[in-house]
Amino acid sequence: MSMEFPAQGRTYWRSLEELADTPEFQELLHREFPENASTFTDPKGRRQFLKLMSASLALAGVGACTRQPSETIVPYVRQPEEIVPGKPLFYATAMPFGGYGLPLLVESHEGRPTKIEGNPEHPASMGAADVFAQASVLSLYDPDRAKTITYRGEVRTWGELMTGVRNALTLQRAQGGSGLRILTETITSPSTGDLLTGLLQALPQAKWHQWEPAGRDGEREGLRQAFGRYVDAVYHFDKADVILSLDADFLSCGPGAVRYAHDFANRRRIESGPMNRLYAVESSVTSTGLKADHRLPVKPSLVEAFARLMAAALGVHGSDGDTTGMSEGAGKWVVAVAKDLRAHNGRALVVAGDHQPPAVHVLAHAINAAIGAVGNTVTYVGPIEARPTNQAASLAELAADLENGAAQVVVILGGNPVFTAPADLKFAEKLTRAQLVVYLGPDLNETASLAHWNIPEAHYLESWGDVRAYDGTVSIVQPLIAPLYGGRTAAEVLALLTDRADRTAHTIVKDYWTIGPGSRQVGGNAAWRRALHDGFVAATASTPAQVTANAAASGSPPARTRGIEVTFRPDPTVWDGRYANNGWLQELPKPVTKLTWDTAAHIAPATAERFGISRGEMIELRSGGRSIRMPAVIVPGQPADAIAVHYGYGRRHAGRVGANIGFDAYPLRTSEALSFAGGVEVVRTGTTYPLATTQQHFLMEHRDIVRSVTAEQYEHEPGIVQHMGHKPPKTLTLYPEHEYTGHKWGMAIDVSACTGCNACIVACQSENNIPVVGKEQVLASREMHWLRVDMYHAGQPDNPEGHFMPVPCMHCENAPCEVVCPVAATTHSSEGLNDMVYNRCVGTRYCSNNCPYKVRRFNFTLYQDWNTPSLQGVRNPDVTIRSRGVMEKCTYCVQRISQARIEAKKDDRGIQDGDVVTACQATCPSQAIVFGDINDPKSKVTELKMRQRNYGLLEELNTRPRTTYLAAIRNPNPEIEPAEQHGERSHS
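Just so we're clear, the structure is a prediction, and the values are computed from it rather than from any experiment.

Visitor: Can you break down the overall build of the protein chain residue by residue, with the values?
Guide: If you tally the helices and strands in the protein chain, you get 32 helices and 39 strands. By the burial criterion, 63% of the 988 residues in the protein chain qualify as buried. At a minimum sequence separation of 6, the contacts of the protein chain that also span at least 24 residues come to 75%.

Following this line, the structure appears as structure tokens:
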């Protein structure tokens, strides 16, 4: 594929097609109905489509909406005292993810968990949550969850399972457990770790193995090699003035990502003090890299080479390196970044990606010691995991024991190793050699298909347990609902292997913290109840460890690879495959590509041009005698000769939503190439594949969208942002002026702070009962998300600057949608909200055509699933469930406004600032979204709107949007990016 890119100023663009201004893009841009008219899915074509449109007005009274199905209401026999119908309750718990815990508050309606929020009192959450936490409530009600205990496919009882396991263990006990193998995911749970420790003491020949496909072996082993023992690193981004990321996507991945995004974003607000500066060296495009002030794309094998150059420049003993294979600017980068790090001694930080080899981590920690980071911007603590280990080696050892017959009884607690194990281990084949396989899992997945005993795993919202956060703080996992399908926890299955097989999860956890080893930290029942209320055990954060760096641990430089390299990463939405059956996450646009319902190989524009590969073309990647096929997507900023693939798709057993979707990258991932592989052959297949990406949906044409200036420009000319656009005078309008005697709701979004994590989209979907539409409808531009996060680039496609921009309804003062609605379905409220009256809407879509922001969604068909009983539990009863034929849009979470008004009236007071928090605002880790009353001069949103950075989107149209933006501020190093390169704003 060849594209000609015009040489011009700082033009902001959303896609390569827009930058190249191709004829296809122009056609897409200027069609009034981009997809719906010319590609209407009805086989009779456009004529039938127009007939339906013309009939919509005539049949509006009887056909605008589908009749909702009848529902049966069952009253309480005796209403619980603590439950008030219609009033939600909140409970503190934590979600285990990758072995670590994310503290949460969960909203419950009459015993039904419906909405996830972060725990504001917990240091790991600060009130925020990520996409996986927000979508986890849907997984609770997944109709494809495992529902019964089975033995070789036949339903069994818990008692029969106990008998079967005890019989199998009788011989093992006599042999000291020599044939027993236990495989878990990463374990940080103190109580579960204590159970495993006790079990291994009773059966000293048994072995405990761990495997997390998206694990942290590189980081874990790097820390061990650097300091001679296992420790963990806790980073303090709030104290860092200068940050160097060595292929670390710390804003999106890792146990501390939510807290790290919070701390990093706080230092991006120029009004709050000196801005931080972020340098990113990365082998694939990430959200962290797109937020960097300077980004250097390199092949995966060159990250270590860059780290060695940086260490040598900072005087780290034994470091060397060269710039062979790097870009011409890499040497200049090293000099400038080293100087910046040295100048900020004690206030600088280097972070290495957890997937990078141990040598990169050793070098990073050596650099941190050289620049005074230890004890300031990074703290080393005792190991947070119950038993740290090299998990790839651990799984390989288990595979070897299965092959030679040493592993006779295998108990697998969670995960899906048959699907996720490195390809060279042939784990599925070897697992069949075990005499007995007991598997605890959430669904009948690939591992369950080979197990003898299958036990339904309890969802964390129906479980008792405990888990440590990124800093070691222990959270208590407490259930909000009884197990829907009789699920069990890992602790309960482990108890089967002990002398006290009848213990429940609640007994195990409570005994550990009140009368067991944890009682020294909790101290009795009163403290236990306090921990349940708060959601965590106070004063359990890991204590700092005294460490001494091993200067020679980084070893010799690695051999350089030639040709194409492939980087392996977990998928941003389905992760390692565990969320493949979650429709919210499948339809969530991925942060970088905006791809939905699929995965694709990320290829640099230059590499694609050299091979003649176009977007959506199927390619074959070959390495070490293995190969995979996958469609290609061309990603601006991807390093040349480096292809990024995400694993987690291609599941064969994943339920009705996730099975046989996408392409499996695991067959190319081996024990020796868990993070990246070199010498990869790329073969074109000559076929294409449709990719449902939203990057070009709802374009606002070549208008003034993103405003970005440097910190230096803003400090010298604070009004520069205001001068970039044209704001008509208020008197230049035919609209009558609205008078607001009470509240006047509005929102401000800080583009500098937004990291593009997409948590706001899933939070909005969960709060407002927004349906999933499927890949076919996304291809037709019919996704229903009320909030989108647009991504804009600036500069050349080989390494562009990136900006994320959340776009909800603007709730305009002069709303163009209101005047064109023939039935007054969209109206202006007395508090400034642009309301939608669903039972008036007749589906003309005039409002959508007249909206310059393209934030309205029309439900063309009945997207809601009315027939699956379990899915009824996930819906928020405070929000109307739409069927079809009506326009939907952001409502500023009007139900939350109403709830706050009721609570304030009960207390005989007015609504205070902070009483109303929208779903998107509540979950945002970077606190980029602020909502409140503009009529309140002391409100946070008013303060933000008074800042010089504040501007209205397309304000030259005089719509006077209530949602406004704070311009992005970058903090480039003038030694890398001279002032004359900063340029001026131009239209996007």
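Visitor: Outline the pairing of strand β24 (residues 626-634), supporting the account with residue identities and numerical values.
Guide: Across three bridges, the pairing between strand β22 (residues 601-603) and β24 is parallel. Across the sheet, A601 pairs through a bridge with A632, a residue of β24. Pairing of strand β23 (residues 617-623) with β24 involves six bridges; the strand directions are antiparallel. Paired with M618 across the bridge in β24 is P631. The turn joining β23 and β24, which pair antiparallel and follow one another in sequence, is formed by two residues; a positive phi near 55° is taken by G624.

Visitor: Could you give me a rundown of the side chain of S136, with the residues and numbers involved?
Guide: One can find S136 in helix α5 (residues 131-140). A polar contact of 2.6 Å, which involves the side chain of S136, links it to the backbone oxygen of A133. One polar contact links S136 to Y460, side chain to side chain, over a distance of 2.6 Å. Residues in contact with S136, not counting those within four places in the same chain, are M95, I116, H459 and Y460.

Visitor: Any chance you could break down the side chain of H697 for me, citing the residues and the numbers?
Guide: When you line up the elements, H697 lands in the loop between β27 (692-693) and β28 (708-710). Polar contacts involving the side chain of H697 include one to the side chain of S781, which spans 3.3 Å. Within the structure, H697 has its side chain in polar contact with the side chain of E783 (distance 2.8 Å). If we ignore the near neighbours within four places in the chain, the residues touching H697 are R14, V778, S781 and E783.

Visitor: Before we move on, can you summarise the pattern of salt bridges with the specific residues and values?
Guide: Taken as a whole, this structure holds 57 salt bridges when the rule is applied. Across the salt bridge formed by R622 and E681, the nearest N and O atoms sit 3.9 Å from each other. On the criterion of sequence distance, the pair formed by R622 in strand β23 and E681 in strand β26 (residues 676-688) is long-range, its members being 59 residues apart. Close ionic contact of E737 with R960 constitutes a salt bridge, the shortest N to O distance being 3.1 Å. Separated by 223 residues along the polypeptide, E737 in the loop between α25 (720-723) and β29 (745-750) and R960 in the loop between β37 (950-952) and β38 (963-966) bring together distant segments of the chain.

Visitor: Hey, could you go over the state of the cysteines for me, with residue numbers and the actual values?
Guide: Across all of its chains, the model carries zero disulfides by this definition. C757 supplies the cysteine sulfur nearest to C924, a cysteine that is in no disulfide, at a spacing of 6.1 Å.

Visitor: Which residues make up the packing of aromatic side chains, and what values do they have?
Guide: In the structure shown here, the tally under the stated rule is 24 aromatic pairs. Ring plane angle 50° and centroid distance 5.2 Å describe the contact between F97 and W575, whose orientation is recorded as tilted. A residue pair is termed long-range when its members are at least 10 positions apart, and F97 in strand β2 (residues 89-97) and W575 in the loop between β20 (564-570) and α21 (583-586) qualify at 478 residues. Relative accessible area serves as the criterion here: at 17%, F97 is assigned to the buried category.

Visitor: Kindly report on the packing of helix α11 (residues 302-313) against helix α13 (residues 358-370), identifying the contributing residues and their values.
Guide: The interhelical angle for the contact between α11 and α13, taken along N-to-C directions, is 25°, at an axis separation of 9 Å. Considering the angle they form, α11 stands roughly parallel to α13. Relative to α13, the crossing made by α11 is left-handed. On α13, the residues that touch V303, E304, A307, R308, M310 and A311 of α11 are A359, V360, L363 and I367.

Visitor: Let's hear about the sheet that holds strand β3 (residues 100-109): which residues, and what values?
Guide: The sheet built from three strands is open, its strands ordered β2-β3-β4 with antiparallel pairing. Since the sheet does not close on itself, it has two edges, and those belong to β2 and β4 (112-118), each with one partner. Taken over all neighbouring pairs, the strand axes of this sheet differ in orientation by 40° on average, direction set aside. Where β2 meets β3, nine bridges bridge the pair, whose relative direction is antiparallel. Within β3, the position partnered with T93 by the bridge is L104.

Visitor: Please set out helix α30 (residues 894-906) residue by residue, giving values where relevant.
Guide: Relative to the 18 Å expected for 13 residues at 1.5 Å per residue, α30 spans 19 Å between its end C-alpha atoms, a close match to the ideal helical length. Among all positions of α30, only Q895, R896, I897, A900 and A904 are buried. Buried-residue contacts for α30 involve β4, β29, α26 (759-767), α31 (919-923) and β36 (929-933). Looking one or two residues beyond α30, the residue adopting positive phi is D908, at roughly 55°.

Visitor: A description of the sheet that holds β38 should follow, citing residues and the corresponding values.
Guide: If you trace the four strands from one edge of the open sheet to the other, you get β36-β29-β38-β37, paired in mixed fashion. Taken across any chain shown, the strands that pair with only one partner, and hence form the sheet edges, are β36 and β37. Pairwise comparison of adjacent strand axes, ignoring direction, gives a mean angle of 30° for this sheet. Bridging between β37 and β38 involves three bridges; their strand directions are antiparallel. Residue pairing for β38: Y951 is matched across the bridge by Y965.

Visitor: I'd like a rundown of unusual backbone geometry, residues and numbers included.
Guide: Of note in the backbone geometry, N769 takes a positive phi value of approximately 55° without being a glycine. Take N769: it is sitting in the loop between α26 and α27 (775-779). Positive phi is not limited to glycine here, since R845 has a value of about 65°. Judged by relative accessible area, R845 falls into the buried class, the value being 5%.

Criteria and thresholds
- Residues numbered from 1 in each chain as written.
- Predicted model: local features only at pLDDT ≥ 70, side-chain atom pairs only at ≥ 80, totals over all residues.
- Heavy atoms only, no water.
- Helix = DSSP H or I, 4+ residues; strand = E, 2+ residues; numbered from the N terminus.
- Buried < 20%, exposed > 50% of the residue type's maximum accessible area, 1.4 Å probe, protein only.
- Contact = heavy atoms within 4.5 Å.
- Pairing = 2+ DSSP bridges.
- Polar contact = N/O pair within 3.5 Å; in protein donor to acceptor, adjacent residues only side chain to side chain.
- Salt bridge = Lys/Arg side-chain N within 4 Å of Asp/Glu carboxyl O.
- Disulfide = S-S within 2.5 Å.
- Phe/Tyr/Trp six-rings, centres within 6.5 Å; stacked < 30°, edge-to-face > 60°.
- Axes fitted to C-alpha atoms, helices over the stretch in contact; angles between N-to-C directions.
- Parallel < 35°, antiparallel > 145°, perpendicular 65-115°, else oblique.
- Left-handed = near helix turned anticlockwise from the far one by under 90°.
- Expected span 1.5 Å × (residues − 1).

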